[in-house]
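# Chain and residue survey
Residues per chain are reported as follows:
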Amino acid sequence: EPEVTQTPSHQVTQMGQEVILRCVPISNHLYFYWYRQILGQKVEFLVSFYNNEISEKSEIFDDQFSVERPDGSNFTLKIRSTKLEDSAMYFCASSDRLAGGRSSYNEQFFGPGTRLTVL
Amino acid sequence: KQEVTQIPAALSVPEGENLVLNCSFTDSAIYNLQWFRQDPGKGLTSLLLIQSSQREQTSGRLNASLDKSSGRSTLYIAASQPGDSATYLCAARRSEKLVFGKGTKLTVNP
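Residues numbered from 1 in each chain as written. Chains lettered and ligands numbered in written order. Predicted model: local features only at pLDDT ≥ 70, side-chain atom pairs only at ≥ 80, totals over all residues. Heavy atoms only, no water.

Take the state of the cysteines next. Residues and elements named next belong to chain A. Applying the stated rule across the entire model yields 2 disulfides over all chains. Between the sulfur atoms of C23 and its disulfide partner C92 the distance amounts to 2.0 Å. Handedness here is read from the sign of the S-S torsion; for C23 and C92, about -65 degrees, the answer is left-handed. Of the two residues, C23 sits in strand β3 (residues 19–24) while C92 sits in strand β9 (residues 88–95), which places them 69 residues apart along the sequence. Note on accessibility: C23 and C92 belong to one class, buried. (Disulfide = S-S within 2.5 Å. Helix = DSSP H or I, 4+ residues; strand = E, 2+ residues; numbered from the N terminus. Buried < 20%, exposed > 50% of the residue type's maximum accessible area, 1.4 Å probe, protein only.)

This paragraph deals with the nonpolar core. As a rule of thumb, nonpolar side chains are buried together in soluble globular proteins. Counting residues in hydrophobic clusters, the biggest one holds 24 residues, and the most contacted among them are L33, W35, L75, I77 and Y88 of chain B. Beyond its immediate sequence surroundings of up to four residues, L75 of chain B is in contact with L19, V20, L21, W35, L47, L48, L62, N63, A64 and Y88 of chain B. I26, V47, V67 and V118 of chain A belong to the second-largest nonpolar core, a separate cluster that totals 22 residues. (Core = buried A, V, L, I, M, F, W, Y, C linked by side-chain atoms within 4.5 Å. Contact = heavy atoms within 4.5 Å.)

A cis amide bond links T7 of chain A with the next residue in sequence, P8 of chain A, at an omega value of -10 degrees. Relative to the assigned elements, P8 of chain A resides in the loop between β1 (5–7) and β2 (10–13). With an omega dihedral of -5 degrees, the bond running from I7 of chain B to P8 of chain B counts as a cis peptide bond. Along the polypeptide, P8 of chain B turns up in the loop between β1 (4–7) and β2 (10–14). Within the chain, N52 of chain A stands out as a residue other than glycine whose phi angle is a positive 65 degrees. Along the chain, N52 of chain A falls in the loop between β5 (43–50) and β6 (53–57). A relative accessible area of 58% places N52 of chain A in the exposed class.

Attention now moves to the sheet that holds strand β8 (residues 72–77) of chain B. Residue and element names in this part refer to chain B. Taken together, the 5 strands give an open sheet; going across it, the order is β1-β3-β8-β7-β6, and neighbouring strands pair in antiparallel fashion. Each edge of the sheet is formed by a strand with only one pairing partner; in this case those strands are β1 and β6 (56–59). For this sheet, the mean inter-axis angle between neighbouring strands, taken without regard to orientation, is 15 degrees. (Pairing = 2+ DSSP bridges. Axes fitted to C-alpha atoms, helices over the stretch in contact; angles between N-to-C directions.)

As enumerated under the stated definition, the model contains 13 aromatic pairs over all chains in all. Relative to F110 of chain A, the ring of F91 of chain A has its centre 6.4 Å away and its plane inclined at 70 degrees; by these criteria the two rings are edge-to-face. Here the residue F91 of chain A occupies a position in strand β9, and F110 of chain A occupies one in strand β10 (residues 109–110), the gap between them amounting to 19 residues. Here F91 of chain A falls in the buried class, since its relative accessible area comes to 0%. Measuring from centroid to centroid gives 6.1 Å for F110 of chain A and F100 of chain B, while their planes differ by 90 degrees, and the two rings are edge-to-face. Separated into two different chains, F110 of chain A in strand β10 and F100 of chain B in strand β10 (residues 98–100) make up a pair that spans both. Grouping aromatic residues by their ring pairs yields a cluster made of Y33, Y35, F45, F91 and F110 of chain A together with F36 and F100 of chain B. (Phe/Tyr/Trp six-rings, centres within 6.5 Å; stacked < 30°, edge-to-face > 60°.)

We now examine the pairing of strand β7 (residues 65–68) of chain A. All names here are of chain A. As paired elements, β7 and strand β8 (residues 75–79) share 4 bridges and run antiparallel to each other. By the bridge assignment, V67 is partnered in β8 with L77. Linking β7 to β8, which pair antiparallel, is a turn of 6 residues.

Residue and element names in this part refer to chain A. Taken in spatial order, the 4 strands make up an open sheet running β1-β3-β8-β7, and their pairing is antiparallel. Edge strands, defined here as strands with exactly one partner in the open sheet, are β1 and β7. Between one strand axis and the next, the sheet turns through 20 degrees on average, direction left out of account.

Attention now moves to the environment of A29 of chain B. Within the secondary structure layout, A29 of chain B lies in the loop between β3 (19–25) and β4 (32–38). Sequence separation between A29 of chain B and L19 of chain B is 10 residues, and the spatial gap between their C-alpha atoms is 27 Å.

In C-alpha cells:
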C-alpha cells in the first residue's frame, strides 16, 4: 500500500543551524502539508502546498521556514536558523484530489515523522 | 478560530468492551472530520474520514458519527482488543488545514 515516507527519522542540531526535513509523498498525490507536534501538545498545522506554491500557512510558519518541491517526488521543509522551541516531531502529509472535487474534501495521509531535537 | 476538544483524555477498559470516544469542535462549518490513531513515538494512521454531508462512516470494528449542528463526533470501537491501545485523535477541516484535538489515550487491558 502506498505510504508517505520521511527522512531522517531523528535529527539533532545545534541552535542557529539550518535543517532540511525531507518527505516523499504518495506518488499520485497533488497536495502536500507539514504539521508539527511538540511533546505533549496537539498536532499543529504549518503549511500546505499545491501546484508549486504555498496555498495556506499558519502563524507559526514565519520567515525562518520554507518549503520546496525540488523534483517530482520530494517535498522539503527548511528551517533556516533553528531555535530551542523548534524541537518537535514534524509530520509530512499528502492528499489526492477527488475527480471534480476540491482538495479540502480529501483524506490526508501522514508520514511517520521526523523528530527534531535542537540543542 | 476552530477549537477541537476530546474527552476523556485517557480511558482504560477491559478487553472485549465496546467504547465511545468523543470529539467536539467549535466551528460547525467544517468540510469533514478525520479520526486518526497514533502509537507512541509514531506517525498518524488515518482511520476514518467523514464528510460534512455524512452522518456515519464504518470500517471494521470502528464506527464514526458526525453531528455538525451540535459540533460533535464520536468514534465507537466494538469488542476492543489490546492491540487497539493507542492515542486516538480527531481533526476538523475548514480549509486546507486540519485542526486537531489533543487526543484520547486508550488502554485495553487483557
